[in-house]
Amino acid sequence: MISYSFDFSFLLTTWPAFMRGAWQTILLAGTSIALGFVVALVCAIIRSGKSKLASGLVGAYVEVIRNTPLLVQIFIVYFGLPSLGLRLSAETAAVIALVINTGAYGSEIIRAGIESIAKGQIEAAECLGLNKLQIYWHIVLIPAVERVYPALSSQFVLLMLSSSITSQISAQELTAEANLIQSETFRSFEVYLIVAAVYLALSVLFRVVLWAIGEVAFVRRRKLRT
Amino acid sequence: MSVNEATGTRPRNEAVPGAEPIIVVDNVSKSFGPLQVLHGVSLTIERGTMVAIVGRSGSGKSTLLRCMNALEEINGGTIEVCGNKVSMGDRPSVKRLRTDVGMVFQSYNLFPHLTVLRNITLALTVVQKKSRAEAEAIAQKVLAMVGLADKAEAYPEQLSGGQAQRVAIARSLALSPKVLLFDEVTSALDPELTGEVLKVMEDLAREGMTMVLVTHEMAFARRLADVVVFMHQGKVWEAGPPAEIFADPKTPELRQFLSSGL
Ligand SMILES: Nc1ncnc2c1ncn2[C@@H]1O[C@H](COP(=O)(O)OP(=O)(O)O)[C@@H](O)[C@H]1O
Ligand SMILES: [Mg+2]
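Description of the structure in this document. All values derive from a computational prediction rather than experimental measurement.

Regarding the overall build of chain A
Part 1 of the argument: Helix and strand counts for chain A come out as nine helices and zero strands.
Part 2 of the argument: Listing every helix and strand of chain A by position from the N terminus yields α-α-α-α-α-α-α-α-α.
Part 3 of the argument: Overall, the C-alpha framework of chain A stretches about 70 × 55 × 35 Å when taken along its three principal axes.
Part 4 of the argument: Within chain A, the proportion of its 226 residues that are buried is 45%.
Part 5 of the argument: Sequence-distant contacts, at least 24 apart, represent 77% of the contacts inside chain A between residues at least 6 apart.
Part 6 of the argument: Here chain A has roughly 11,800 Å² of accessible surface; of this, 70% comes from carbon and sulfur atoms.
Part 7 of the argument: Both charge centroids of chain A, one from 17 positive and one from 13 negative side chains, sit 11 Å from each other.

Written out as C-alpha cells, the structure is:
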C-alpha cells in the first residue's frame, strides 16, 4: 500500500492567505451574483416580451453562453477584449465573464417563472384597473421571481463555485491563492483538501445568505411555513 | 313553476322600473379567427337589476361577458357601459371602464403571493392611490360584508374555494364598481360551498348592485334575476323575466335546454 503522511503544518503560516482568498471569492462571486441577477432579470423581461427582434437577440445570447465553456468565455473577455483596445484587470474580466454567464442561465430560470404566471392573474389585475407596468411588477415579476427563487439560489451558489475557474487568468480569489500556496509548499493534496473545505463553507454561507434574502423579500414563504 | 316561486322576486324590481340602461350591447359580433362566436348580440342591462345569462357550454356566454369588460375586442357592433363606448384600443376609455365594472371569475384569480388583505388593497393603493390605512379600512369593510373579516391575514391557498370566491367578490366590491360581472363563479366549487357564495351575491342584489351573471344555478336565477337571457349559438335566443323564460319557453332550443337537467 502507498502510504502518505499528511502534513498540515504549512497552515500555521499560510492561513491568512486562505482567508484572503476566501474573502476575495466572496467579493468576486457576490458582485457577479448581484449584477448577474440584474442582467438575468432584464433578459428574462425582454425574452418574454413582445418585440420579436429583441427577444431573438437575447435568445441567441442565452444559447451561445449555455453552449460554450465558461473558461473560454473568460479567455475571450480577458485576452480578447484587449485586442479591441479594452484593457481589463483580471478581476474585472472575471466579473464581466461571470455576469454574462450567470445572466444567461438566470434569465432562463426567471423566464420559466414569468411564463408560469397564469393568464387569469393578469386579466384579474386588468379588471382591477392596474396598468401594464403595475401588472408586470406586482402580478408577474414579483411572484415569478418568488416562485423560481430556490432554483435561482442554486444557480448563484454554482456561480460562486465556478468562480474558481477564474484562477486561470490569475484573478485574485481562493483557488488562485491556493495555487500559489501549493507552489510554495508542495503539499498539493493538503492544500486542495483545505480549499475544498473552504469552498464547502462558502457554499453554506451563500446558501444561508440567499435564504435570508428570500425570507425578507418573499413574506409568504416565511409565513406559510410557520 | 309554482306560485310560491313566482312571488319570490325582489322588492327592488318595483323600485327600479327599468329606467336607466347601464350596459347597452348593440348588434355585437365577435370572432376568434375563422370561428364566429357572437352573431349580432343585442342586450340592455338596467341599473340595479340582475341579469342572468344561461345557455349551453360554448354558446358564447363568457365571450359576451368578456367583451363587456374589454377583455376581448369586438369585431362589429357597439357596447356602451355607463355611457362610454367600450374599445380595447382606447386606453382612457378602458381605464374608465375598469373603474365602473368589476369582474369575478370562475377560477377566483386571487393573487397567490399576497394576503387576502393585500389582494383587496392592491388596486386601492396602486390604482386609486389611497393611503394604506384608508385602503385597509375599506378592505376590512368588504371582508365583513362577505363574512370573512377573520381571514385578512390568510393567503389564498389557505382558503376553501367558497372563501376564495368570496374574497374575489370582496376585492371587486372594494373598488365600488357600478356593475359586477360574474362568470360561472360557483362552477368550480364543491356543491356544499356554492351556497355561501350565492348568499353573498343575493345580499348584493338586494342592496341594488347591478349584476350580470353567467350561471348554471337555475334555481338562483329563477328566484333572483330580473331578466334571464338564454344564449344559443352565439345569439340571444330568448330573453325575459324568469317567470316567462322558465315557465313558458318559446323556442324548442330553450325548452330542450331547460329539460336537460340543468
Ligand atoms: N380565446 C379564444 N380563442 C379561440 N376560441 C375561443 C376563445 N375563447 C372562446 N372561444 C370559443 O368560443 C366559443 C364560445 O366560448 P365561450 O364564450 O367560452 O362559451 P360559454 O362561456 O358559453 O361556454 C367556444 O367555441 C370556444 O371554444
Ligand atoms: Mg364560459
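Read on for the rest.
A word on empty space enclosed by the protein
Part 1 of the argument: Enumeration over the complete set of coordinates arrives at three cavities of 30 Å³ or more.
Part 2 of the argument: In this structure, the largest cavity spans a volume of roughly 50 Å³.
Part 3 of the argument: For the lining of the largest cavity, the secondary structure elements donating two or more residues are helix 5 (119-127) of chain A together with strand 6 (101-104) and helix 7 (161-173) of chain B.
Part 4 of the argument: The dominant element in the lining of the largest cavity, judged by the number of residues it contributes, is helix 7 of chain B, at three residues.
Part 5 of the argument: Here the lining of the largest cavity is built from residues that sort into eight nonpolar, one polar and one charged.
Part 6 of the argument: What the second largest cavity holds in volume is close to 40 Å³.

Quick word on the interface of chain A and chain B
Part 1 of the argument: Every contact between the two is made by 22 residues of chain A and, on the other side, 22 residues of chain B.
Part 2 of the argument: Both faces combined, the contact of chain A with chain B buries some 2,000 Å², and carbon together with sulfur accounts for 62% of it.
Part 3 of the argument: When the buried surface of chain A facing chain B is broken down by residue, C127, L128 and R220 of chain A rank first, second and third, together holding 32% of it.
Part 4 of the argument: Seen at the junction of chain A and chain B, the total is three salt bridges.
Part 5 of the argument: By residue number, the principal contributor to the side of chain A that touches chain B is helix 5 of chain A, which donates eight residues.
Part 6 of the argument: The class makeup of the residues in the side of chain A that touches chain B is 10 nonpolar, five polar and seven charged.

Some words on the side chain of D226 of chain B
Part 1 of the argument: Along the chain, the position of D226 of chain B falls in the loop between helix 9 (218-224) and strand 9 (227-232).
Part 2 of the argument: In terms of polar contacts, D226 of chain B uses its side chain to reach the backbone amide nitrogen of M50 of chain B, at 2.7 Å.

Considering the environment of A52 of chain B
Residue and element names in this part refer to chain B.
Part 1 of the argument: Following the sequence through the fold, A52 ends up in strand 3 (residues 50-55).
Part 2 of the argument: Using a relative accessible area of 0% as the deciding quantity, one classes A52 as buried.
Part 3 of the argument: In sequence terms A52 and M211 are 159 residues apart; their C-alpha atoms lie 8.3 Å from each other.
Part 4 of the argument: The residues touching A52, leaving out its near neighbours within four places in the chain, are L213, T215, A221, A225, V227, V228 and V229.

Some points on the site of ligand 1
Residue and element names in this part refer to chain B.
Part 1 of the argument: The local shell around ligand 1 consists of F32, L35, V37, R56, S57, G58, S59, G60, K61, S62 and T63.
Part 2 of the argument: Take S59: an N or O atom from its main chain is 3.2 Å from an oxygen atom of ligand 1.
Part 3 of the argument: Computed on the free molecule, ligand 1 has an accessible area of 560 Å², of which 60% lies beneath the protein chains in the complex.
Part 4 of the argument: Those elements that provide at least two residues to the shell around ligand 1 are strand 2 (35-46) and helix 3 (61-68).
Part 5 of the argument: Per element, the largest residue contribution to the shell around ligand 1 is three residues, and it comes from helix 3.
Part 6 of the argument: For the shell around ligand 1, the class distribution of residues is three nonpolar, six polar and two charged.

Digging into the packing of aromatic side chains
Part 1 of the argument: Counted by the stated rule, this structure contains 10 aromatic pairs over all chains.
Part 2 of the argument: Among the aromatic side chains, those forming a connected cluster through ring pairs are Y4, F6, F8, F10 and F189 of chain A.
Part 3 of the argument: The side chain of K30 of chain B reaches across the aromatic face of F32 of chain B, ending 4.8 Å from its centre.
Part 4 of the argument: It is R171 of chain B that lies over the ring of F111 of chain B; its NZ or CZ is 4.5 Å from the centre.

Cut-offs used in this document
Residues numbered from 1 in each chain as written. Chains lettered and ligands numbered in written order. Predicted model: local features only at pLDDT ≥ 70, side-chain atom pairs only at ≥ 80, totals over all residues. Heavy atoms only, no water. Helix = DSSP H or I, 4+ residues; strand = E, 2+ residues; numbered from the N terminus. Buried < 20%, exposed > 50% of the residue type's maximum accessible area, 1.4 Å probe, protein only. Contact = heavy atoms within 4.5 Å. Areas by Shrake-Rupley, 256 points an atom, 1.4 Å probe, with all protein chains shown as cover. Lys, Arg positive; Asp, Glu negative; His and termini not counted. Charge placed at Lys NZ, Arg CZ, Asp CG, Glu CD. 1 Å grid on protein atoms, 1.4 Å probe; cavity = no way out; pocket = protein on both sides within 12 Å on 5 of 7 lines; lining within 4 Å. Points joined across faces, edges and corners; volume = space filled by probe spheres on them. Nonpolar A, V, L, I, M, F, W, Y, C, P; charged D, E, K, R; others polar. Buried area = accessible area lost by both parts, 1.4 Å probe. Salt bridge = Lys/Arg side-chain N within 4 Å of Asp/Glu carboxyl O. Polar contact = N/O pair within 3.5 Å; in protein donor to acceptor, adjacent residues only side chain to side chain. Near = heavy atom within 4 Å. Phe/Tyr/Trp six-rings, centres within 6.5 Å; stacked < 30°, edge-to-face > 60°. Lys NZ or Arg CZ within 6 Å of the ring centre and 35° of its normal.

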